Amino acid sequence: MTNKIFTKEEWTKALQGLSDSYKVFVPVKDGDFHTFKPMNATKAPDFDFQNTRLSARSLVYPQAERMFEYSLDENDPEANIIKETPKDYSPQAIVGIRPCDAHGFKIVKPNFDNKEYRDPWWIQHFESTVLVGLGCNQPCSTCFCASVGGGPFNKDVLDVLIYDLGANFMVSGLTEKGEAFLSKAQGGKAADDAAVKQAEALATEAAKKVKADVPTDKLKDKVINDLFAAPFWQDVGFACLNCGTCTYLCPTCWCFDIQDEVLGKQGDRIRNWDSCMFPLFTLHGSGHNPRDQKFQRVRQRFMHKLKYYVDKYQGGVQCSGCGRCVRYCPVNIDIRQVAELMNNY
Amino acid sequence: MRGVPLQNPYLPYPVRIDKITTETTDKNLKTFRFVFLNPEDEKKFAYTPGQFAELSVPGKGEIPIGIASSPTEKGFVAFTVNKVGLVTNYMHNMKEGEIMGIRGPLGNWYPWEEMEGKNIVIVGGGFAFTTLRSSIVYMIQPENRARFKDISVVYGARNPGLLLYRDELAEWEKRDDINMHITVDGTDDPDWKYNVGFVPAITEKKITSADNAIAIVCGPPIMIKFTQPVLEKLGFPPERIILSLEMRMKCGIGICGRCNIGDKYVCKDGPVFSLAKLKQMPGEY
Ligand SMILES: Cc1cc2nc3c(=O)[nH]c(=O)nc-3n(C[C@H](O)[C@H](O)[C@H](O)COP(=O)(O)OP(=O)(O)OC[C@H]3O[C@@H](n4cnc5c(N)ncnc54)[C@H](O)[C@@H]3O)c2cc1C
Ligand code: SF4
Ligand code: SF4
Ligand code: FES
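Quick notes on the rules
Residues numbered from 1 in each chain as written. Chains lettered and ligands numbered in written order. Predicted model: local features only at pLDDT ≥ 70, side-chain atom pairs only at ≥ 80, totals over all residues. Heavy atoms only, no water. Helix = DSSP H or I, 4+ residues; strand = E, 2+ residues; numbered from the N terminus. Pairing = 2+ DSSP bridges. Contact = heavy atoms within 4.5 Å. Axes fitted to C-alpha atoms, helices over the stretch in contact; angles between N-to-C directions. Near = heavy atom within 4 Å. Polar contact = N/O pair within 3.5 Å; in protein donor to acceptor, adjacent residues only side chain to side chain. Nonpolar A, V, L, I, M, F, W, Y, C, P; charged D, E, K, R; others polar. Core = buried A, V, L, I, M, F, W, Y, C linked by side-chain atoms within 4.5 Å. Buried < 20%, exposed > 50% of the residue type's maximum accessible area, 1.4 Å probe, protein only. Salt bridge = Lys/Arg side-chain N within 4 Å of Asp/Glu carboxyl O. Domains from an automatic or database assignment. Buried area = accessible area lost by both parts, 1.4 Å probe. Phe/Tyr/Trp six-rings, centres within 6.5 Å; stacked < 30°, edge-to-face > 60°. Lys NZ or Arg CZ within 6 Å of the ring centre and 35° of its normal. UniProt positions renumbered as here; feature names shortened; annotations may be inferred.

Another point: unusual backbone geometry. Peptide bonds are, in most cases, trans, and in most cases residues other than glycine have a negative phi. Note that the residue after B:Gly104, namely B:Pro105, is joined by a cis bond; omega there is -5 degrees. The step from B:Gly270 to B:Pro271 runs through a cis peptide bond, and the omega angle for that step is 10 degrees. Along the chain, the position of B:Pro271 falls in the loop between β14 (264-265) and β15 (272-274). For A:Asn332, which is not glycine, the phi torsion reads 60 degrees and is therefore positive. Tracing the backbone shows A:Asn332 in the loop between α10 (324-328) and α11 (335-343).

Given below as structure tokens:
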């Protein structure tokens, strides 16, 4: 494992150099929020942030993605034959991703990559991505990664972990992919014992601050139909606007829609993120809708994250504890409270 | 890693519409017979009765439709499509010879292993008869018929004009190795030779025993709801009542997250479920 020290200026420079070999995405301040943007010389990365408003999900699984293309031109001998859209899978790096958001990729992986079916786009985007995480010195009050198998300096899914030591960054290579990335970084020097100790202390301090007591331990022992019929769903969903914010911001939501779009004689089949919060999501052509009521959709979201996923994959809940849905829900619906209701039911 | 091309489960096989048959007098149901443009795709599309496929219309979208042909019918694959919305309306205006795609086969199938050596009771209503047609054609093939005991079929529609596959129904009526009970809710046709009455009532009258029998039920929700108690009264345990479900679908392969009932995806873990299994799942369908 390589541990290197960079001053913050050196690190930005190193990232500029790395842009020759990788598409480097960095957090950039955009209005009131931070967002991942490709590294360029004019807008400097800003590593002083809580978390990006949107998770980094779209860099592996774009919000709108071309799947196929076809010609509708009758004079084209290949008209109406659906073909794969060429894709760019050159290496990319997400620098500054928080450990919870990286953990999100691990949580969704069995959905896109399993024994029965493999999603070629998700898998290839994911494999071409280096996850260069930034540990959280100051977890926010809404975060609860440590309750769901993560932590503010969780290395599980990361290739590289960055520690913010104040004036300097300590940067640790964690995987082969990460070491290869670091080996191409110009500048910096080997970290000494004092820096490593300081980094470890930061991690220990942060772990004490983050909420680790959201109960999920008993969820796996519950019976699906019992939880489904629990009396609290109407109350839980009462204030929900079905705006879908929670699902779009979430690093562990994966639902999508498929649409065909045509311009002239050229068509594309596209997939777009979708949300179980919308009534159209389940509306049949006949008009029948198995989830036509709001509370049913709210129940679906929480049951999926905290029970169906738990049963299906036997590896914990479908939530990395990033806290976004708690922070941005306009009516303060709080997954931590719902987890508690379900766990204690 | 990269370099090894991943098989793309979303990519449809190109097909040509070989034949279109209007099935019902209201013209809302048409059967499309497709031929694969690349003959080797037909082998890759090896299916079992009960499965479905995504019909893929470039520029319009994809729809999940049950496979109405039987794997014993070679050289084509057929689907019967009800006109309801965007894609189905467009398909109803398509012509023989046009090119589109099909993707599959998808989902599970009727429990053929379990059905062997048993009496088979098929109960169908309306246009949900498609995969039941596939199953009947499959079972009555000379090479398959001996694997099953008595085959009884109750099939109903609102009126005679709305029954699917009328020529075939008439042929099956004549055979002595299958008991057909065709019915309509009502008719003013004085020459109507078959039953009049709702499917559950005809089932109660015509099916006399659940001994060593397995029932396969496909139809509109209301028919399923009223047939279930009839079968239970006859003595069918929930393990031997088999249903095929519909949910709105997109990917058809358990990835897009759309069609779940509890922790099951209807597209991948279904569409075929026993009533016993369904009772353990939330009633959200
Ligand atoms: C396993 C299965 C087997 C089916 N078999 C048949 C069949 O043999 N014959 C037949 O006529 N119909 C069948 N259906 C229903 C058929 O899929 C819908 O009627 C069809 O998708 C409506 O498409 P549309 O574009 O015309 O309607 P729109 O209402 O315009 O629908 C837009 C899109 O929503 C989705 N959608 C809408 N309704 C349904 C639905 N009920 N089920 C699934 N997806 C839906 C489709 O992706 C569709 O393209 C089956 C459905 C399922 C799930
Ligand atoms: S459910 Fe909420 S807290 Fe959990 S990962 Fe999604 S947005 Fe973050
Ligand atoms: S963000 Fe809140 S109000 Fe909006 S859909 Fe999610 S739970 Fe409902
Ligand atoms: S249709 Fe996509 S999960 Fe079933």
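Having seen the model, we can carry on.
All names here are of chain B. The strand order β10-β9-β8-β7-β11-β12-β15 describes an open sheet built from 7 strands, whose pairing is mixed. Pairing within the sheet leaves two strands with one partner each, and these edge strands are β10 (195-196) and β15. In the sheet, strand β11 (residues 213-218) pairs with strand β12 (residues 241-244) via 3 bridges, with the strands oriented parallel. For Ala215, the partnering residue across the bridge sits in β12 and is Ile241. Packed onto the sheet, helix α6 (residues 166-174) meets β8 (151-157) and β9 (179-184) and runs at close to 135 degrees relative to β9.

Here the focus is the site of ligand 1. Near ligand 1 lie 22 residues; those nearest to it are A:Gly285, B:Pro64, B:Thr80, B:Asn82 and B:Thr88. Residue neighbours of ligand 1 fall on chains A and B, so the site bridges chains. At 2.9 Å, a backbone N or O of B:Val87 approaches an oxygen atom of ligand 1. Looking at the shell around ligand 1 element by element, the count peaks at 5 residues for strand β4 (residues 61-66) of chain B. Split by residue class, the shell around ligand 1 holds 10 nonpolar, 8 polar and 4 charged.

A:Trp233, A:Phe302 and A:Met342 are the most contacted members of the largest nonpolar core, which has 110 residues in total. The leading source of residues in this core is helix α9 (residues 294-313) of chain A, at 8 residues. Residue contacts for A:Trp233: discarding those within four places in its chain leaves A:Leu227, A:Phe228, A:Phe295, A:Arg299, A:Phe302, A:Met303, A:Val338 and A:Met342. Counting 35 residues, the second-largest nonpolar core is a separate cluster that includes B:Val153, B:Tyr155, B:Ala157 and B:Trp172.

It is worth spelling out the pattern of salt bridges at this point. Side chains carrying opposite charge are able to pair once their charged atoms draw close together. Residue and element names in this part refer to chain A. Inspection of the entire model under this criterion finds 36 salt bridges over all chains. The residue Asp113 makes a salt bridge to Arg118 at a minimum N-O spacing of 2.8 Å. On the accessibility criterion, Asp113 (18% relative accessible area) is buried. One network of salt bridges, with partners in common, ties together Glu65, Lys87, Asp119 and Arg271.

This part is about the domain arrangement of chain B. Residues and elements named next belong to chain B. For chain B, the assigned domains read domain 1 (13-106) and domain 2 (112-244). Each partner contributes to the interface: domain 1 provides 20 residues, whereas domain 2 provides 18 residues. For the pair domain 1 and domain 2, the summed buried surface comes to about 1,500 Å²; carbon and sulfur atoms form 59% of the total. Our count for the domain 1 to domain 2 interface comes out at 1 salt bridge.

The next subject is the packing of aromatic side chains. Under the criterion given, the structure shown has 32 aromatic pairs over all chains. Both rings, one in A:Trp254 and one in A:Tyr309, keep their centres 6.2 Å apart while their planes meet at 50 degrees; by these two values the pair is tilted. Placement of A:Trp254 in the loop between α8 (245-249) and β11 (256-263) and of A:Tyr309 in helix α9 is noted, with a sequence separation of 55 residues between them. The two residues A:Trp254 and A:Tyr309 agree in class, both being buried. In textbook terms, an aromatic cluster arises when at least three aromatic residues are bridged by ring pairs, as seen for A:Tyr61, A:Phe68, A:Phe105, A:Phe112, A:Trp121, A:Trp122, A:Phe126, A:Tyr248, A:Phe256, A:Trp273, A:Phe278 and B:Tyr10. The cationic tip of A:Arg57 hangs over the ring face of A:Trp273; the distance from NZ or CZ to the ring centre is 3.7 Å. Here the guanidinium or amino end of B:Arg33 rests over the ring plane of B:Phe76, the centre of that ring lying 3.8 Å away.

The next subject is the domain arrangement of chain A. Residues and elements named next belong to chain A. Domains assigned within chain A are domain 1 (3-208) and domain 2 (219-344). Listed per partner, the contact involves 41 residues of domain 1 and 38 residues of domain 2. The contact between domain 1 and domain 2 buries some 3,600 Å² in all, and 55% of this surface belongs to carbon and sulfur atoms. Looking only at domain 1, the three residues that lose the most surface to domain 2 are Arg57, Tyr70 and Ile107, adding up to 20% of its buried area.

Our next topic: the UniProt feature "binding site: [2Fe-2S] cluster" (unreviewed entry) in chain B. Residue and element names in this part refer to chain B. UniProt's feature table lists "binding site: [2Fe-2S] cluster" (unreviewed entry) at Cys251, Cys256, Cys259 and Cys267, given in the numbering used throughout. Their sequence span is 17 residues, while the largest C-alpha to C-alpha distance among them is just 10.3 Å; these annotated residues converge on one region. The residue Cys256 is located in the loop between β12 and β13 (260-261) in this model. By relative accessible area, Cys256 is classed as buried at 2%. Along the chain, Cys259 falls in the loop between β12 and β13. Here Cys259 falls in the buried class, since its relative accessible area comes to 3%. Leaving out residues up to four positions away in the same chain, Cys259 has contacts with Met247, Arg248, Met249, Lys264, Tyr265, Val266 and Cys267.

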